[in-house]
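These are the residues of each chain, in order.
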Amino acid sequence: FHTLFVLQVENVKLLDRYTNKKAANGTLYLTATHLIYVEASAEARKETWILHHHIATVEKLPLATAGYPLLIHCKNFHVAHFVIGQERDCHEVYTCLLKLSQPVKPEELYAFSYNPKMSKENREIGWKLIDLKVDYQRMGIPNDYWEITDVNKDYEVCNTYPPEIVVPRAANKAVVIGSSRFRSRGRIPVLSYLYKENNAAICRCSQPLAGFSARCLEDEQMLQAIREANPGSPFMYVVDTRPKLNAMANRAAGKGYENEDNYDNIRFKFIGIENIHVMRSSLQKLLEVCEMKSPSMSDFLTGLENSGWLRHIKAVMDAGVFLAKAVKDEKASVLVHCSDGWDRTAQVCSLASLLLDPFYRTFKGFMVLIEKEWIAMGHKFSHRCGHLCGDPKEVSPVFTQFVDCVWQLMQQFPCTFEFNERFLLEIHDHVYSCQFGNFLGTCHKEREDLKIFEKTHSLWPFLLQKKQELRNPLYRGFTAYKELQPNTLPFSFQFWCGMYNRFDKGMHPKQCVLDHLLSCVSQKVKLEDSASELENKLPFLDGPLPSDACPLPKVGPAASKTPMLNTPQGYEGDPPPALSNGAAGGDGDVLSDVDQRNKENLSPPQDLHGDTIEVLDSEAKEGKPRHH
Amino acid sequence: MEFAELIKTPRADNVALHRPFYPAVEGTLCLTGHHLIFSSRRQDNAEELWLLHSNIDSIEKRFVGSLGTIIIKCKDLRIIQLDIPGMEECLNIASSIEALSTLDSVTLMYPFFYRPMFEIVEDGWRSFLPDQEFELLSSATDEWRLSCINKEFSVCPSYPPVVIVPKSIDDEALRKVAMFRHGSRFPVLSYYHKKNGMVMMRSSQPLTGTNGRRCKEDEKLVNATLRPGKRGYIIDTRSLNVAQQARAKGGGFEQEAHYPQWRRIHKCIERFNILQESLIKLVEACNDQSHNMDRWLSKLEASNWLTHIKEILTAACLAAQCIDREGASVLVHGTEGTDSTLQVTSLAQIILDPRCRTIRGFESLVVREWLQAGHPFQQRCAQSAYSNSKQKWEAPVFLLFLDCVWQILRQFPCSFEFNEQFLIMLFEHAYASQFGTFLGNNESERSKLKLPQKTMSLWSWVNRSEELCKFQNPLFEANSLVIWPSVAPQSLQLWEGIFLRWNRPSKFLDEAQEEMISIIKYNKELQAKVNALRRQLAEMETDDRMQENL
C-alpha cells in the first residue's frame, strides 16, 4: 500500500481558520492523484483529501513559530493551510505539488488512469446516457423549419462545433458555408433551443466579421431563414452579450456586430456582460473577501461590492431573462453571440433554456443542457479551468457563474428543481477534477482526438448513482411549474456561502434542513413498506385506526443523529480592544487569559458528548420495542 | 373626545387601492375610530383590507386635478396607495388619518376598545407570573429570594413589583444599591444556568461619577453571586470611551479596585437614533427599485443594520460563553439597562437555555426580559422606518433582537419550536396591535393604565391551538444543547421576511414551506399508522396465544 505514495511527510499540522482550534500533528501523503492528510491524534481518524487537479496555487509562506507554512488554494475554493516541521520536507512537498498539479500532457489527466472497475460495456452505455438527438426530438426537430445536418461531419464548417448541428431547412449548404466564412472561427448560427409552443427559437453563433462595412449575403440569408422559421413573428432579436464598447473595439480588428441596415427585420441589442478577464479578476477579489480573517460586516459588504461578482451574476441572469421573455412573451426568435460564442453565449443560452423548459430542471435535463450548450458547442473547459499547464489568462470562472445563476434560481424557486445544491457542487467539482472525460479538451473534435470515449468514463452515470442524496425533497414534479420569471432586483441575489466558503463549515447553518428532509424521504419509503407489510398480516382490519391512542412518535431525523459540531468561535473579537480593562493598566494579563480561553474552547467539553450520546441512546431505546 | 369629530368624510366610493404585486382594485373606503377599511365592490372576489390607524407610520398626499392620491406607509413596512376622487374628500380623509394615527392618549388606543371574538381559554395577563418563574428557580437552588421591595413601584419605577435577588441581601441593602444605580435599576437575576449554577444578572450603570463614588452594598450584592475564589465578568454594552464619558454626567462603571473579583469587558452596542437611522436607511435601500447592484450593496452596507446585528449577537455569545464555558457569573449593563442590556441578556438565554427556544418559553422570555424588565416599548416603537419625527427615544431595539433570534433560527433550523412567522407576528404587535401587551413603557405604567383589566393580552390570543399551529416549526426537535451561532459576516443575512416582505412576491417560498410541512406531517402520520398496526398485531397475537392456551 505504502509504495503507492510518492511522498510521505510526518509532523505536519493543518490549521483551521475559524475555530481557533489548536492544530494536531499528522501525516501528509502524496499519491499520484491525491494529497492526503491524516490527523494523528484524533480518536476518529480524520482525513483530508485533495485532488491534485483541484489545486490552483501552492505558496510557501514565511517561517512561522510552528514550522514552515504551505498554503494551498483549490479550484473548488478549498483553502488548506499546512505547517510542516522541516524546511526540507516543506520544499519537497512544494515542488512535488507544483509538478503534480500542473500536468503538461493530456494523457497525464486523472480520467485516463481512473479505473472504477466497470465493465467496458457499462462504460460505453454510460457515454450513451445523454443523447442530444433525443433532446432535439423532444423539441419536435426535425420539422418543417429545422433539420439536423451532418454538414460539419469532417469539421469543415467549424472545428469547434460538433459534427451534427441544427440549422433552418431554408439554409442550404451554400448558405451555411458562406455564413461560416463571415463568422469568427466559422461558428455559424445554429439552433440552441426551440420553444415548441410558439416556434420561437434561441440560436447562437460568434461575432460577424463585419468590420466597419463588410457584409455577407449568405449570412444575411441565414438570419432571414432563422427569422422565417418562426412565422408567428415579423422580426427577430440579435443579441450581442458584450458591452457595446468592447463590440465596437472589435470592429477595428475586422470583427464586430450586425448592422441593422443590412439584415431584414432584426432588432439588435447589446447586453453588457464583461469578458473573461474581468470575470477572472472579479472572482479573485471575491475570494480575497471570503478569506479575510475576522472581517467586520462593512469589510465584507464593501469587499463584496468591490469584487463586482454579484453585479456580473446579475448581468448574466438579466440576459437569460431577456432571452426567455423575448421567446415566451414576444414570441420572437433570438440569435445570441458574444465574441467567439463559447463563453457568455453558453451562459445565456443555457440559462434561458432553464427558465423556459422544466425538463432542464430535472437531473437528466440538466445533464443534457450541459452536454448541449457547453460541452458540444465548444466551451473551452480545458483552458477556462486550467486543466493543463498553460496560459493563465485563458482561465476564467465562466461555468462557475452559470452554476451560481442556477443556485440563485433555486433560492427563488425552491420547488422547481429535481436536484439540490449538492448536485451543482458535484458537477462543479468534476469540471475541475478531470476524473471523468466529459470536460476534457476544448471541443468535440479534440475529445475525439483524445479518445475520451474509448479511454475514460462519463460523469453522468456516476452522479445518477448518487441521486438519493442529490435530489431536492421539495421538488413538486415536472408539470408543477413551467416557465420561471425570476426577480432580478439586486436584493434577489445572494452571496453563495455554500460555494465560496464551502469548506468553512463553521460559517454554515449547524443544522441542515436538506439533510432532515432527505432522511424524511428515505424513511417514508421504509414506513410505507412496513405499513403495507403489517396491513397484509392483519386481514380483518377495518374501521379507523386507533391513531389517537398512540402518541406521535419521533421521526428519527438525520439532523439529531449527526452530532452537532458546534463550538463558540472568537466572540471576543480580533483585534480585541473590547477586552480592555478600563483606565487602569494590566490589560496584558486579561488578553493572555482570553487567549488561553480560546484554546480551551476548542474541544467540546465532556458533558456535551454526554448529552449527544444520551439523545442517541434514548432514541435507540425508543426504537427497540417497535422492531419486535 | 369623540372620534367622529375627527372624521369629516367617513366614506368614499370609487377609491382605487394600489399594492405591490396585486392589480389595482376599486372599492369603498371607510374610516372608523381605529381602522381604515377598504372593501372592493366586485361581487366575485370581495376583498377587504383592514388597517389599524396606529399601524400608520406616515402619509403623503398628492393631487392631479381633482384626483387625490394618499400614500400610506405602515409601521410593518408595507406601503399602499389610495386614489380618491374629489379634492375635498381626499383632504378630509388624509387629515383624519393623520389625526387618528397620532393620538397622544394611550387610553384612546384600540386595545381599550377591542372586544375579542374568540373564547378566552387562558388569560394571558396571568400566564407568566414571577412566582412561577421563582418556583422553577427554587427547584434548582436556594440561594435566591423573591423581593417585594418594589411593590408600589416605590424603589424603581421601571422594575416590576417583585424581583429575584441574592438571598443574602436584604431589602434595606437593596434600597441603598438602588440609590447607586442609574434609574434605581439595581442588579437583579436575569438567568440561572442549571448546568453549572452560574448566573446572569442585569442592572443599569453604577453612579460612580467623576470622583469614583462607591457603594459597599452594591459590591456585596454582585459578589454574592460568585462562588468562592471564582471570578465574574461584567459586560458593559458601551465602548470604554462612552463609559468613561458617562462619569461626567454622574454615571460610570465598576472600578476594578472596588470590584477586584470582576473582569470588565466593553462591547459597544449602539442605541437610540443611530439605530433608528439605520432602520430608515435599510428600508429605503430595500424599497429602491433600481437595478444597480453596486448601489444596493453600498446602501446595505451604509445602513449598518447588519453591523448592529453582528455586534449584538457577538456580545450575547460572549455572555453565554462566560457562563457556559468559563463557568463564571456575568453582570450585564449599559447606561439605563433597558435596551442593549436586554438584547444581550435575552439572546444569551436563547443560546443557553433550550426552554427559551420553545413557544411558551420564548413568550415567557419576552415577558420577563422585555416587558417586566422595563423596555420602554411605547417610546421605542412609537414610529418605524417611515417617520420623520426624529425623536431620540424611538429605536428599533426590539426588532433588532427579533432579527438576531431569526439569525440564530436560520443557523439552527431544527432547534426552535416556533417559526419565522412567530417572530414577524411579535414585530407587528410591538408596533401596532389590538392587544394591550406592548402598551406602556413599564409595569408601573401598565398597572396605572389598568391594562390587565381593560385590555386583552396578546398571549390570550396566540396561545390558542388555532393560532399556535401557524407558528409551529415543523422541523423542531427538542435540543438540550447550548447552541453557538456563527457571527461571521457570511453567516448573517438580511431578514427577508421583514425587510423584503412587501417588495417581492412570496408565492414560491410559501409553496416550499407548505411542501416541507406536508412531507414531515405525512411521515408522522405514517409512523403513527405503523405503530398502531404493530400494536394491533401484537394484541391479536396475544389473543391467539390465550385462545391456544384455553
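All of these numbers come straight from a predicted model, not from anything done at the bench. (Residues numbered from 1 in each chain as written. Chains lettered and ligands numbered in written order. Predicted model: local features only at pLDDT ≥ 70, side-chain atom pairs only at ≥ 80, totals over all residues. Heavy atoms only, no water.)

## Some remarks on the UniProt feature "binding site: substrate" (unreviewed entry) in chain A
Residues and elements named next belong to chain A.
Alright, step 1. Mapped onto this numbering, the UniProt entry annotates "binding site: substrate" (unreviewed entry) at Asn275, Ile276, Cys338, Ser339, Asp340, Gly341, Trp342, Asp343 and Arg344. Separation in sequence by 70 residues is not matched in space for these annotated residues, since their most distant C-alpha atoms are only 12.2 Å apart.
Alright, step 2. Once residues within four sequence positions are removed from consideration, Ser339 is found in contact with Ser184, Ser206, Gln207, Arg242, Asn250 and Arg344.
Alright, step 3. Excluding anything up to four places from it in sequence, Asp340 contacts Ser184, Arg185, Arg187 and Ser206.
Alright, step 4. In terms of polar contacts, Asp340 uses its side chain to reach the side chain of Arg185, at 2.9 Å. (UniProt positions renumbered as here; feature names shortened; annotations may be inferred. Contact = heavy atoms within 4.5 Å. Polar contact = N/O pair within 3.5 Å; in protein donor to acceptor, adjacent residues only side chain to side chain.)

## What to know about helix α13 (residues 398–412) of chain A
Two residues of an α-helix separated by three or four positions point the same way, owing to the 3.6 residues in each turn.
Alright, step 1. The terminal C-alpha atoms of α13 of chain A lie 22 Å apart, and with 15 residues this matches the ideal 21 Å at 1.5 Å per residue to within 8%.
Alright, step 2. With 14 of 15 residues buried, α13 of chain A is to be regarded as a mostly interior element. (Helix = DSSP H or I, 4+ residues; strand = E, 2+ residues; numbered from the N terminus. Expected span 1.5 Å × (residues − 1). Buried < 20%, exposed > 50% of the residue type's maximum accessible area, 1.4 Å probe, protein only.)

## A short note on the packing of helix α8 (residues 305–324) of chain B against helix α9 (residues 340–352) of chain B
Helix packing geometry: the angle between the two helix axes and the distance between the axes.
Residues and elements named next belong to chain B.
Alright, step 1. Look at α8 against α9: their axes get within 8 Å of each other, and the N-to-C directions meet at 60°. Between α8 and α9, the angle falls in the class oblique. Every pair of crossing elements has a handedness; the one defined by α8 and α9 is right-handed. Contacts from Ile312, Ala315, Ala316, Cys317, Ala319, Ala320, Ile323 and Asp324 of α8 reach α9 at Gln343, Val344, Leu347, Ala348, Ile351 and Leu352.
Alright, step 2. Here the contact of α8 with α9 is composed, by residue class, of 12 nonpolar, one polar and one charged. (Axes fitted to C-alpha atoms, helices over the stretch in contact; angles between N-to-C directions. Parallel < 35°, antiparallel > 145°, perpendicular 65-115°, else oblique. Left-handed = near helix turned anticlockwise from the far one by under 90°. Nonpolar A, V, L, I, M, F, W, Y, C, P; charged D, E, K, R; others polar.)

## Concerning the confidence of the model for chain A
Residues and elements named next belong to chain A.
Alright, step 1. Scored by pLDDT, chain A comes out at a mean of 87, with 85% of its residues at no less than 70.
Alright, step 2. Note on residues 543–563: pLDDT is under 50 here. Beyond four places in sequence and across chains, it has 38 contacts.
Alright, step 3. For the stretch residues 574–628, pLDDT sits under 50, and the model shows 63 contacts to residues farther than four places along the chain or on other chains. (pLDDT = per-residue confidence, 0-100.)

## Details of the UniProt feature "coiled-coil region" (unreviewed entry) in chain B
Alright, step 1. In this structure's numbering, the residues bearing the UniProt feature "coiled-coil region" (unreviewed entry) are residues 509–543 of chain B.
Alright, step 2. Segment residues 509–543 of chain B splits into 100% helix and 0% strand. End C-alpha atoms: 51 Å apart.

## Focus: the UniProt feature "domain: Myotubularin phosphatase" (unreviewed entry) in chain B
Alright, step 1. On the UniProt side, "domain: Myotubularin phosphatase" (unreviewed entry) is annotated at positions that read residues 124–499 of chain B here.
Alright, step 2. With 44% helix and 9% strand, residues 124–499 of chain B has end C-alpha atoms that lie 29 Å from one another.

## Here we look at the sheet that holds strand β5 (residues 55–60) of chain A
All names here are of chain A.
Alright, step 1. Pairing within the open sheet is antiparallel, and its seven strands lie in the order β4-β3-β2-β1-β7-β6-β5. The two strands at the open ends of the sheet, each matched to only one other strand, are β4 (46–51) and β5. Direction aside, the axes of adjacent strands within the sheet are offset by 30° on average.
Alright, step 2. The sheet contact formed by strand β1 (residues 7–15) and strand β2 (residues 25–30) spans five bridges and is antiparallel. Counterpart to Val12 in the pairing with β2 is Gly26.
Alright, step 3. Lying on the sheet, helix α1 (residues 87–101) is in contact with β1, β2, β3 (34–39), β5, β6 (68–74) and β7 (79–84); it crosses β5 at an angle near 155°. (Pairing = 2+ DSSP bridges.)

## A closer look at the domain arrangement of chain A
Residue and element names in this part refer to chain A.
Alright, step 1. Domains assigned within chain A are domain 1 (7–102) and domain 2 (138–504).
Alright, step 2. The C-alpha centroid of domain 2 is placed 36 Å from the C-alpha centroid of domain 1.
Alright, step 3. Opposite the 12 residues of domain 1 that make contact, domain 2 presents 21 residues.
Alright, step 4. Taken together, both faces of the contact between domain 1 and domain 2 bury some 1500 Å²; the carbon and sulfur share is 57%.
Alright, step 5. For the pair domain 1 and domain 2, the interface holds five residue pairs in polar contact (both at pLDDT 80 or more).
Alright, step 6. Looking at side-chain class alone, the side of domain 1 that touches domain 2 contains four nonpolar, six polar and two charged residues. (Domains from an automatic or database assignment. Buried area = accessible area lost by both parts, 1.4 Å probe.)

## Some words on the side chain of Asn150 of chain B
Residue and element names in this part refer to chain B.
Alright, step 1. In this structure, Asn150 sits in the loop between β8 (144–147) and β9 (163–166).
Alright, step 2. Its relative accessible area of 0% is what places Asn150 among the buried residues.
Alright, step 3. Polar contacts involving the side chain of Asn150 include one to the main-chain amide nitrogen of Ser154, which spans 3.4 Å.
Alright, step 4. A distance of 3.0 Å separates the side chain of Asn150 from the backbone oxygen of Tyr159, its partner in a polar contact.
Alright, step 5. Contact partners of Asn150, with chain neighbours within four places excluded, come to Val155, Cys156, Tyr159, Pro160 and Pro161.

## Re the environment of Leu304 of chain A
Residues and elements named next belong to chain A.
Alright, step 1. Locating Leu304 in the fold gives a position in helix α8 (residues 297–307).
Alright, step 2. We classify Leu304 as buried; its relative accessible area is 4%.
Alright, step 3. Residues Leu304 and Leu287, spaced 17 residues apart in sequence, show a C-alpha to C-alpha distance of 9.4 Å.

## Notes on a nonpolar patch on the surface
Alright, step 1. Taken together, the side chains of Phe63, Met87 and Leu91 of chain B define a hydrophobic patch exposed on the protein surface, amounting to about 240 Å² of accessible area.
Alright, step 2. Note on placement: Met87 of chain B falls in helix α1 (residues 87–100). (Patch = residues over 30% accessible without salt bridge, like charges linked within 9 Å, V, L, I, M, F, W, Y side chains within 5 Å. Areas by Shrake-Rupley, 256 points an atom, 1.4 Å probe, with all protein chains shown as cover. Salt bridge = Lys/Arg side-chain N within 4 Å of Asp/Glu carboxyl O.)

## Quick notes on the domain arrangement of chain B
Alright, step 1. Taken domain by domain, chain B holds domain 1 (3–103), domain 2 (131–422 + 478–502) and domain 3 (510–539).
Alright, step 2. The gap between the C-alpha centroids of domain 1 of chain B and domain 3 of chain B is 47 Å.

## Quick look at the packing of α8 of chain A against α8 of chain B
Alright, step 1. Two elements in contact, α8 of chain A and α8 of chain B, have axes separated by 9 Å at closest approach and are oriented at 145°. By crossing handedness, the relation of α8 of chain A to α8 of chain B is classed as right-handed. Contact residues: α8 of chain A offers Met297, Ser298 and Leu301 of chain A, while α8 of chain B offers Leu306, Thr307 and Lys310 of chain B.
Alright, step 2. Its residues assigned to classes, the contact of α8 of chain A with α8 of chain B comprises three nonpolar, two polar and one charged.

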